[in-house]
Amino acid sequence: MASAATFDEDLTMEANLQSILSQKTLRWIFVGGKGGVGKTTTSCSLAIQLAKHRKSVLLISTDPAHNLSDAFNQKFGKDARLVEGFDNLSAMEIDPNGSIQDVLAAGGDDAQDAMNSLGGVGNMMQDLAFSIPGVDEAMSFAEVLKQVKSLSYEVIVFDTAPTGHTLRFLQFPTVMEKALAKLSQLSQQFGPMLNTFLGQRGALPGGQNLEDMLSKMESLRETIAEVNTQFKDADLTTFVCVCIPEFLSLYETERMIQELNSYHIDTHSIVVNQLLFPRKDNPCEQCNARRKMQKKYLDQIEELYEDFNVVKMPLLVEEVRGKEKLEKFSEMLVTPFQPPE
């Protein structure tokens, strides 16, 4: 049986997300699940509710598909921007899969220029250093976290990419450690020769050398290591799982919760979207048959996750887009939906 990572089992598990809204110490909230289950609608709705309880809320999309702009009918980009109609809720859409060249060049650093100036030797070193799977994503996400950390938001909500991407991101601290260790080893072996070569070519303004690139990576590693420590603190971080009452979604949710437990990341809330609640006298055979199927999986969810807050959200007849509809939908995260008789 799946269980919450570090949640206090003495607390009564309710069918809403009130516990998250009431936990004033929370700094990081992740919303994740299989593609197409309503993660963006859920994260937007949660952020709206949080804005009622916290001084400042930042909603970040790390999903390359980026749906925040569509959800709020407002264009967002890589810089935080206030959501129209709010004075304490901002949003931004970032790409955690940027190239390693972009990261090394961030902030005006010339480390990439140095590698380019080395020609074949530099390319060989770079290929060796960045051959570790996931290091590209790790460094890019570290840069994002570094930027976010510098912002003064009280709580940050991540609308994450589909499950596989999210779980890879949790491995980034380890990936960064490996990459830095490999670069340090290469620097010890070839550093003096390469620095002499760079000095002769005059490739780096301001006297920068290979150590500058290592310093850059070390700074990113320290940032992601610090944030990773916070991610494993249940007082600071929680993960909200989003699913629909179907086999594949339930399977992926269980896999994700097991992985989150292995990373010691707190999770005690599940939002089940797209539930049908047909009236008892509804003559629609398809509606009733689908509701019967959904009930089977909903019963399994409630049995598997009896120590979770399981929130049941209805399938609506229209898209949840725009501030007003999102606000209305968000109310059901706090006050459970009451199906018709």
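Criteria and thresholds
Residue numbering note: each chain is counted from 1, following its sequence as written. Local features in a predicted model are, by the rule used here, given only for residues with pLDDT of at least 70; side-chain atom pairs are given and counted only at 80 or more, and totals for whole chains, interfaces and linings are based on all residues. Side-chain metrics rest on all non-hydrogen atoms present in the structure, leaving aside hydrogens and water. Salt bridge criterion: a side-chain nitrogen from Lys or Arg within 4 Å of a carboxyl oxygen from Asp or Glu. Each helix corresponds to a stretch of at least 4 residues labelled H or I by DSSP, and each strand to a stretch of at least 2 residues labelled E; elements are numbered beginning at the N terminus. Buried means the residue's accessible area, taken with a 1.4 Å probe over protein chains only, is under 20% of the maximum for its type, while exposed means over 50%, and partly exposed covers the values in between. Paired strands are those between which DSSP finds at least two bridges. The rule is short: rings of Phe, Tyr and Trp, with Trp giving its six-membered ring, pair when the centres are within 6.5 Å, and they are stacked under 30 degrees, edge-to-face over 60, tilted in between. UniProt positions are given in the numbering used here, feature names are shortened, and annotations may be inferred rather than shown by experiment. Should any heavy atoms of two residues lie within 4.5 Å, those residues are counted as being in contact. All axes here are fitted lines through C-alpha atoms, helices being fitted over the stretch that makes contact, and every angle between N-to-C directions spans 0 to 180 degrees. By definition, no residue in a patch forms a salt bridge, and every one has over 30% relative accessible area; like charges are joined within 9 Å, nonpolar side chains (Val, Leu, Ile, Met, Phe, Trp, Tyr) within 5 Å. The Shrake-Rupley method, run with a 1.4 Å probe, gives the accessible areas here. Residue values count only the displayed protein chains as cover. Throughout this description, the term nonpolar core refers to a set of buried Ala, Val, Leu, Ile, Met, Phe, Trp, Tyr and Cys residues connected via side-chain atoms within 4.5 Å. To estimate how far a helix should reach, multiply one less than its number of residues by 1.5 Å. Comment: arc refers to directions from the helix axis out to C-beta atoms.

Visitor: Requested: an account of the pattern of salt bridges, with residues and values cited.
Guide: Side chains that differ in charge, positive against negative, can pair when their charged atoms come close. Evaluated as defined, the whole model comprises 7 salt bridges. Glu-246 is paired through a salt bridge with Arg-290; the nearest N and O atoms lie 2.6 Å apart. Linking Glu-246 in the loop between strand S6 (237–243) and helix H11 (247–262) with Arg-290 in helix H12 (residues 285–304), this pair joins segments that are 44 residues apart in sequence. As a salt-bridge pair, Lys-323 and Glu-327 come within 3.1 Å of each other at their nearest N and O atoms. Taken together, the residues Lys-323 and Glu-327, both in helix H13 (residues 323–331) and 4 residues apart, mark about one turn of the helix. Owing to a relative accessible area of 28%, Lys-323 belongs among the partly exposed residues under this scheme.

Visitor: I'd like a description of unusual backbone geometry, backed by residues and values.
Guide: You will see that His-264, though not glycine, has its phi angle at about 60°, which is positive. Here His-264 shows up in the loop between H11 and strand S7 (269–275).

Visitor: Describe the pairing of strand S1 (residues 28–33), naming the residues involved and giving the relevant values.
Guide: Among the 6 residues in S1, 6 count as buried, and that is most of the element. Of the two faces of S1, the one carrying Trp-28, Phe-30 and Gly-32 and the one carrying Ile-29, Val-31 and Gly-33 are both buried. Alignment of S1 against strand S5 (residues 155–159), held across 4 bridges, turns out to be parallel. The residue of S5 that forms the bridge with Ile-29 is Val-157. When S1 meets S6, the two strands line up parallel, connected through 6 bridges. The residue bridging Gly-32 from the neighbouring strand is Cys-241, located in S6.

Visitor: Outline the packing of aromatic side chains, listing residues and values.
Guide: Evaluation of the coordinates by the stated rule reveals 9 aromatic pairs. Ring plane angle 85° and centroid distance 5.4 Å describe the contact between Trp-28 and Phe-231, whose orientation is recorded as edge-to-face. Placement of Trp-28 in strand S1 and of Phe-231 in helix H10 (residues 210–231) is noted, with a sequence separation of 203 residues between them. Taking the relative accessible area as the measure of exposure, Trp-28 reaches 0% and is therefore buried.

Visitor: If you had to explain the UniProt feature "binding site: Zn(2+)" (unreviewed entry) in the protein chain to someone new, which residues and values would you point to?
Guide: Here, UniProt's "binding site: Zn(2+)" (unreviewed entry) annotation points to Cys-284 and Cys-287. In this structure, Cys-284 sits in the loop between S7 and H12. Assignment of secondary structure puts Cys-287 in helix H12.

Visitor: I'd like a rundown of the sheet that holds strand S4 (residues 89–93), residues and numbers included.
Guide: Taken in spatial order, the 8 strands line up as S3-S4-S2-S5-S1-S6-S7-S8 in an open sheet, and their pairing is mixed. Unpaired on one side and paired on the other, strand S3 (81–82) and strand S8 (309–314) mark the two borders of the sheet. Of the strands in this sheet, S1, S6 and S7 are in contact with H11, which crosses S6 at around 165°.

Visitor: Go over a nonpolar patch on the surface with me, naming the residues and quoting the values.
Guide: Taken together, Phe-247, Leu-248 and Tyr-251 make up a surface patch of nonpolar side chains, about 360 Å² in accessible area. Inspection of the secondary structure assignment puts Tyr-251 in helix H11. On the accessibility criterion, Tyr-251 (52% relative accessible area) is exposed.

Visitor: Can you tell me about the nonpolar core, naming the residues and giving the values?
Guide: Counting residues in hydrophobic clusters, the biggest one holds 37 residues, and the most contacted among them are Ile-29, Leu-46, Phe-72 and Leu-89. No other element matches helix H2 (residues 39–50), which puts 5 residues into this core. In this view, Ile-29 contacts Ile-20, Leu-46, Leu-50, Val-155, Ile-156, Val-157, Phe-158, Thr-238 and Val-240; residues no more than four positions away in its chain are not counted. With 32 residues, the next largest nonpolar core counts Phe-239, Ile-265, Ile-270 and Ile-301 among its residues.

Visitor: Explain the pairing of S5 residue by residue, including any values.
Guide: Taken across its 5 residues, S5 has 5 buried, putting it largely inside the fold. Both faces of S5 are covered, namely the face carrying Val-155, Val-157 and Asp-159 and the face carrying Ile-156 and Phe-158. Where strand S2 (residues 57–61) and S5 come together, 5 bridges link them in parallel fashion. Note on S5: the bridge partner recorded for Leu-59 is Val-157.

Visitor: Quick one: what's the story with H11, residue by residue and with numbers?
Guide: Between its terminal C-alpha atoms H11 stretches 23 Å, which fits the 22 Å expected from 16 residues at 1.5 Å a residue. Looking at H11, one finds that the buried residues are Ser-249, Leu-250, Glu-252, Thr-253, Met-256, Ile-257 and Leu-260. When H11 is viewed along its axis, its buried side chains cluster within an angular range of 165° and face the same direction. In H11, the exposed positions that point more than 90 degrees away from the buried face belong to Leu-248 and Tyr-251. Looking one or two residues beyond H11, the residue adopting positive phi is His-264, at roughly 60°.

Visitor: Could you give an account of the side chain of Gln-74, with specific residues and numbers?
Guide: You can see Gln-74 is positioned in the loop between helix H3 (68–72) and S3. When its relative accessible area of 8% is taken as the criterion, Gln-74 is described as buried. For Gln-74, the residues in contact, after removing those within four places along its chain, are Ser-69, Arg-81, Leu-82, Val-83 and Glu-84.

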